[in-house]
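# Examination of the molecular architecture
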Amino acid sequence: MPTKPKASAVTKKVTTRSLVQMKQRGEKIAALTAYDFLTAQLVDESGIDVVLVGDSAGMVIQGHETTVRVTLEQMLYHTEVVSRGVERALVVADMPFMSFQVNADEALRNAGRMIKEAGAEAVKLEGGAAIAKTIEKIVGVGIPVMGHLGLTPQSIHRFGTYQVRATEPEEADEVRRDAKALEAAGVFAIVIEKVPAALAAEVSKSVSVPVIGIGAGAGCDGQILVTHDMLGLYTRFHPRFVRRYAELGKAMQDAFEHYVRDVKATEFPSKAESY
Ligand code: KIV
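As the structure is a prediction and not an experimental result, all values here were calculated from the model.

Below, the discussion takes up the packing of helix α3 (residues 37-45) against helix α5 (residues 72-85). For the pair α3 and α5, the least separation of the axes is 7 Å and the interaxial angle reads 40 degrees. Considering the angle they form, α3 stands oblique to α5. For the element pair α3 and α5, the recorded crossing hand is right-handed. Residues F37, A40, Q41 and D44 of α3 touch α5, and the partners they reach there are V81, V82, R84 and G85. Partitioning the contact of α3 with α5 into residue classes produces four nonpolar, two polar and two charged.

Have a look at this one:
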């Protein structure tokens, strides 16, 4: 019996253009993060549209409390191994903290490295109107940029908390203005994180590019989750927007403990597992 073709082999390569077309025809965009080759392959074969090499790597891979310690070199490494595992989805690489804030020339050089050296197809920058000129410069040389508004984890030391953003009218207005500024600067999509669902739905309707929500309700054009959160691997926090689709952390712990018991009890390896 012929084996079922992989999702990635039966559907066309996702591009920034196809994401905009998905918004136009009302098809929701599904996005997840990946940081390594194997996970990237599995995520891609699920039929995911976007694989984000997130700087959330700083927390779920490196064990830091925040994302701010992640370096450009680390993101280049993660992006390179992820790119090798992805055939169909669009690979977007996060620009880490201080890789794009100093000036537009440095941002352009670093974004270029993500594309040329690591194989990313687009980059993501946290921020709104304040970085619009930088985004224009990057987009101007042909590098697609994804924006990121609402809770922007690289600014955690300014916010002081990971609580929901834009609950006050002034900050909600800022998010509305920032979305427009990003659209005008040429982004192909915007991530909107942890803001009230009504605001995210309004912003999604107000711009022509897809708005991909995380903790931003069902009115966005798509959804993204951190893979390690939705698999139950990263359990330090459990925000209510994370639906756990598996409990892999528990499954791994059980397997490790079973192995230790077997070794101690000389039940592993068996004769059949020996030469
Ligand atoms: O770093 C990341 O994983 C992200 C997502 C939360 C959108 O930016």
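To continue, consider a nonpolar patch on the surface. On the surface, L233, L248, M252 and F256 cluster together into a nonpolar patch covering about 340 Å² of accessible area. For L248, the position within the fold is in helix α12 (residues 248-264). Since its relative accessible area comes to 34%, L248 is described here as partly exposed.

In the vicinity of the ligand, the contacting residues are T33, L52, G54, D55, S56, D94, K124, H148, V191, E193, I214 and V226. Interatomic distance of 2.5 Å between a side-chain N/O atom of S56 and an oxygen atom of the ligand. Side-chain polar atom of K124 to an oxygen atom of the ligand: 2.8 Å apart, as the coordinates give it. Under a 2 Å grid-point criterion requiring more than half of the atoms, the pocket assigned to the ligand is the largest pocket. Its residues placed into classes, the shell around the ligand shows four nonpolar, four polar and four charged.

On to the packing of helix α6 (residues 104-116) against helix α7 (residues 132-140). At their nearest, the axes of α6 and α7 sit 9 Å apart, and the two run at 40 degrees to each other. With respect to α7, the axis of α6 lies oblique. Helix-helix and strand crossings are classified by hand; for α6 and α7 the assignment is right-handed. Contacts between α6 and α7 pair A104, D105, A107, L108 and A111 from the former with T134, K137 and I138 from the latter. Of the residues that constitute the contact of α6 with α7, the class distribution is five nonpolar, one polar and two charged.

This part takes up the layout of surface pockets. Estimates place the volume of the largest pocket at around 520 Å³. For the largest pocket, the lining is made up of 28 residues, of which P153, E193, V226, D229 and F241 are closest to its centre. Of all the secondary structure elements, the ones that give two or more residues to the lining of the largest pocket are α4 (57-60), β4 (122-126), β6 (189-193) and β8 (222-225). Taken together, the residues of the lining of the largest pocket sort by class into 15 nonpolar, six polar and seven charged. What lines the second largest pocket is a set of 21 residues, among which G127, G128, T152, S155 and R158 lie closest to the centre. Mapped onto the lining of the second largest pocket, the elements with two or more residues apiece are β5 (145-150), α8 (156-159) and α9 (169-185).

Splitting the protein chain by domain gives domain 1 (16-244) and domain 2 (247-275). Placing a centre on the C-alpha atoms of domain 1 and another on those of domain 2 gives a separation of 39 Å. The interface is formed by four residues belonging to domain 1 together with four residues belonging to domain 2. Summed over both partners, the interface of domain 1 with domain 2 buries about 340 Å², with 56% contributed by carbon and sulfur atoms.

Rules of the game
- Residues numbered from 1 in each chain as written.
- Predicted model: local features only at pLDDT ≥ 70, side-chain atom pairs only at ≥ 80, totals over all residues.
- Heavy atoms only, no water.
- Axes fitted to C-alpha atoms, helices over the stretch in contact; angles between N-to-C directions.
- Helix = DSSP H or I, 4+ residues; strand = E, 2+ residues; numbered from the N terminus.
- Parallel < 35°, antiparallel > 145°, perpendicular 65-115°, else oblique.
- Left-handed = near helix turned anticlockwise from the far one by under 90°.
- Contact = heavy atoms within 4.5 Å.
- Nonpolar A, V, L, I, M, F, W, Y, C, P; charged D, E, K, R; others polar.
- Patch = residues over 30% accessible without salt bridge, like charges linked within 9 Å, V, L, I, M, F, W, Y side chains within 5 Å.
- Areas by Shrake-Rupley, 256 points an atom, 1.4 Å probe, with all protein chains shown as cover.
- Salt bridge = Lys/Arg side-chain N within 4 Å of Asp/Glu carboxyl O.
- Buried < 20%, exposed > 50% of the residue type's maximum accessible area, 1.4 Å probe, protein only.
- Near = heavy atom within 4 Å.
- Polar contact = N/O pair within 3.5 Å; in protein donor to acceptor, adjacent residues only side chain to side chain.
- 1 Å grid on protein atoms, 1.4 Å probe; cavity = no way out; pocket = protein on both sides within 12 Å on 5 of 7 lines; lining within 4 Å.
- Sits in = over half its atoms within 2 Å of the grid points.
- Points joined across faces, edges and corners; volume = space filled by probe spheres on them.
- Domains from an automatic or database assignment.
- Buried area = accessible area lost by both parts, 1.4 Å probe.

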